[in-house]
Amino acid sequence: MLPLLAQRQFHLPDYTTALTFILAFGVVKALTNFTAGALADRFGRKPVLIAGWLAGLPVPLLLIWAPHWGWVVAANVLLGVNQGLAWSTTVIMKIDLVGPARRGLAMGLNEAAGYLAVAATAMATGFLAVRYGLRPAPFLLAAAYAALGLGLSAVFVRETRAHARHEAATRREPLPEQLTTRQVFALTSLREPALAAASQAGLVNNLNDGLAWGLFPILFAAGGLTVGQIGILAAVYPGVWGLAQLATSALSDRHGRKRLIASGMLLQALALAAVALAGTFTAWAVAAALLGLGTAMVYPTLLAAVGDVAHPTWRARAVGVYRLWRDSGFAAGALLAGGLADVFGIRAAVWAVAALTAASGLLVAVRMYETHPRHDRRPGQG
């Protein structure tokens, strides 16, 4: 709904300005991801989860009552805090709860739950907007979600940090057990080949996700599609992504992480090229489905790879650093795609991001080793 609000109700003059909400969301979520990992190691997982949902409560109210675009940006700042704390913590807790043999499937279940909800909500808000207008009806769903998230987290969720401590006591590996946060940041960002490859792939993945979130609705509207059709297309991408993760995450447990990640990035690049070439609802739906499939191959598998490599004593911080880089892609996508679209047009921006996504997949193929314990080929392993 927000790109359409920017264009139709706030009459923003250019694409870069319209995408400031993604820029704010991405920067804040990225930084909060990093903070969430450190806080989860220090204070436990559940308090961080609850804090995240508390931050999400005002978001729908700000969007409903926003008199100018600054309120929308402020709402996305709070949404970034909510996502960074709450979603990071659910990832960390699931990694705590499962052993390494089923880590990919656990990440797939987590991400599938989230993105199937994104798909259902995208479709529902499209239909609500057609019937009742862009505000307030579509955002009332968000108010219900925030209340449910807070209530479920406070009442039903249990602390999982003890599971990580138990795994740490039984695990042997070449990486050290005790590291400072600065050392974890350096390993995850640059020094450890698999962690660094995962971080850059995550950043590029969310860069093209930011492009899809911010510019695809405007591209589809310029192609003559109705708000209802745009809502369907907005649901196809995360819907295929969410469903396919149930299969791709299990495949990564069986056959390893690296090939799925590299081939998934290349499939995303192909899908983005198809979006740039297409001009009809059917063609865009096929391209959106391919983009969802490519993302499903990458998204849970990257998280599983980070969990494979990082030691349990600093794994929450490694997940936080990875998610810092990954969700920086939202901000990078808003700046890159918005700037290119303003100068060269939306389709040129899509082509540029497609090329960048293909390059990221090739970098994974060259630098990353297989991280799954059953197929581990990291330096020093047999």
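Keep in mind that what you see is a predicted model, and the values were worked out from it rather than measured. (Residues numbered from 1 in each chain as written. Predicted model: local features only at pLDDT ≥ 70, side-chain atom pairs only at ≥ 80, totals over all residues. Heavy atoms only, no water.)

**Here's the deal with the overall build of the protein chain**
If you tally the helices and strands in the protein chain, you get 17 helices and zero strands. Here the C-alpha radius of gyration of the protein chain, 20 Å, is about what a compact globule of 382 residues would show, namely 21 Å. Along the first, second and third principal axes, the C-alpha atoms of the protein chain reach 60 × 45 × 30 Å. Looking at the 382 residues of the protein chain, the share that counts as buried comes to 55%. Within the protein chain, residue pairs in contact and separated by at least 24 positions form 85% of the contacts whose partners lie at least 6 positions apart. (Helix = DSSP H or I, 4+ residues; strand = E, 2+ residues; numbered from the N terminus. Rg over C-alpha atoms; globule rule 2.2 N^0.38 Å. Buried < 20%, exposed > 50% of the residue type's maximum accessible area, 1.4 Å probe, protein only. Contact = heavy atoms within 4.5 Å.)

**Description of the nonpolar core**
Core analysis: the biggest nonpolar cluster contains 93 residues, and Leu215 and Phe216 have the highest contact counts within it. If you tally residues by element for this core, the top one is helix 15 (residues 281-309), at 14 residues. Non-local contacts of leucine 215, meaning those with residues more than four positions away in its chain, are made with Tyr15, Leu19, Ala337, Ala341, Ile346 and Ala349. (Core = buried A, V, L, I, M, F, W, Y, C linked by side-chain atoms within 4.5 Å.)

**Things to note about helix 7 (residues 103-132)**
In a regular helix each residue adds 1.5 Å, so 30 residues correspond to 44 Å; helix 7 covers 43 Å between its end C-alpha atoms and thus fits that length. A positive phi of about 100 degrees marks glycine 133, the residue just after helix 7. (Expected span 1.5 Å × (residues − 1).)

**Here we look at the side chain of threonine 121**
Take threonine 121: it is sitting in helix 7. Owing to a relative accessible area of 18%, threonine 121 belongs among the buried residues under this scheme. With residues up to four places along the chain from it excluded, the contact list for threonine 121 reads Leu141 and Tyr145.

**Looking at unusual backbone geometry**
The step from arginine 135 to proline 136 runs through a cis peptide bond, and the omega angle for that step is 0 degrees. Within the secondary structure, proline 136 is located in the loop between helix 7 and helix 8 (137-156).

**Concerning the pattern of salt bridges**
Summed over the entire model, instances satisfying the criterion amount to eight salt bridges. When salt bridges that share partners are traced, they join Asp41, Arg45, Asp96, Arg315 and Arg317 into one network. (Salt bridge = Lys/Arg side-chain N within 4 Å of Asp/Glu carboxyl O.)

**A few points about the packing of aromatic side chains**
One pass over the structure, following the stated rule, counts seven aromatic pairs. Measuring from ring centre to ring centre gives 5.8 Å for phenylalanine 216 and phenylalanine 220, while their planes differ by 45 degrees; the resulting arrangement is tilted. With phenylalanine 216 and phenylalanine 220 both in helix 12 (residues 216-222) and four residues apart, the pair spans about one turn of that helix. Residues phenylalanine 220 and tryptophan 284 carry aromatic rings whose centres are separated by 4.9 Å and whose planes lie at 55 degrees to one another, so their mutual orientation is tilted. Here phenylalanine 220 is found in helix 12, whereas its partner tryptophan 284 is found in helix 15, with 64 residues between them in sequence. (Phe/Tyr/Trp six-rings, centres within 6.5 Å; stacked < 30°, edge-to-face > 60°.)

**Remarks on the side chain of asparagine 205**
Mapped onto the elements, asparagine 205 comes out in helix 11 (residues 193-214). Engagement of the side chain of asparagine 205 in a polar contact is seen with the side chain of glutamine 268, the distance being 2.8 Å. Ignoring sequence-local partners within four residues, the contact set of asparagine 205 consists of Met265, Gln268, Thr295, Val298 and Tyr299. (Polar contact = N/O pair within 3.5 Å; in protein donor to acceptor, adjacent residues only side chain to side chain.)

**Overview of a nonpolar patch on the surface**
Among the surface-exposed residues, Tyr145, Leu148, Leu152, Val155 and Phe156 lie close enough to one another that they form a single nonpolar patch of about 560 Å² accessible area. You can see valine 155 is positioned in helix 8. Given the relative accessible area of 59%, valine 155 is considered exposed. (Patch = residues over 30% accessible without salt bridge, like charges linked within 9 Å, V, L, I, M, F, W, Y side chains within 5 Å. Areas by Shrake-Rupley, 256 points an atom, 1.4 Å probe, with all protein chains shown as cover.)

**Regarding the packing of helix 11 against helix 15**
Closest axis-to-axis distance for the helix 11/helix 15 pair is 10 Å, and the angle between their directions is 150 degrees. Taken together, the axes of helix 11 and helix 15 are roughly antiparallel relative to one another. In the packing of helix 11 onto helix 15, the handedness of the crossing is left-handed. From helix 11, Ala194, Leu195, Ala198, Ala201, Gly202, Asn205, Asn206 and Ala212 reach across to helix 15, where they touch Leu291, Thr295, Val298, Tyr299, Leu302, Val306 and Val309. For the contact of helix 11 with helix 15, a count of residues per class yields 11 nonpolar, four polar and no charged. (Axes fitted to C-alpha atoms, helices over the stretch in contact; angles between N-to-C directions. Parallel < 35°, antiparallel > 145°, perpendicular 65-115°, else oblique. Left-handed = near helix turned anticlockwise from the far one by under 90°. Nonpolar A, V, L, I, M, F, W, Y, C, P; charged D, E, K, R; others polar.)

**A short note on helix 16 (residues 315-344)**
Here helix 16 spans 42 Å end to end across 30 residues, near enough to the 44 Å set by a 1.5 Å rise per residue. At alanine 332, helix 16 is bent by approximately 30 degrees, the largest bend along its length. Positive phi shows up at glycine 345, right after helix 16, with a value of about 105 degrees. (Bend = angle between axes of the 7 residues up to and from the residue.)

**Considerations on the environment of glutamine 9**
Counting through the fold element by element, glutamine 9 comes out in the loop between helix 1 (2-8) and helix 2 (15-18). For the pair glutamine 9 and leucine 39, spaced 30 residues apart in sequence, the C-alpha to C-alpha distance is 39 Å. Look past the residues within four positions of glutamine 9 in its chain and what remains in contact with it is Leu4, Leu134 and Arg135.

**Description of the environment of alanine 305**
Inspection of the secondary structure assignment puts alanine 305 in helix 15. With relative accessibility at 3%, the residue alanine 305 sits in the buried group. Those residues in contact with alanine 305 that sit more than four places away from it in its chain are Arg257, Met368 and Thr371.

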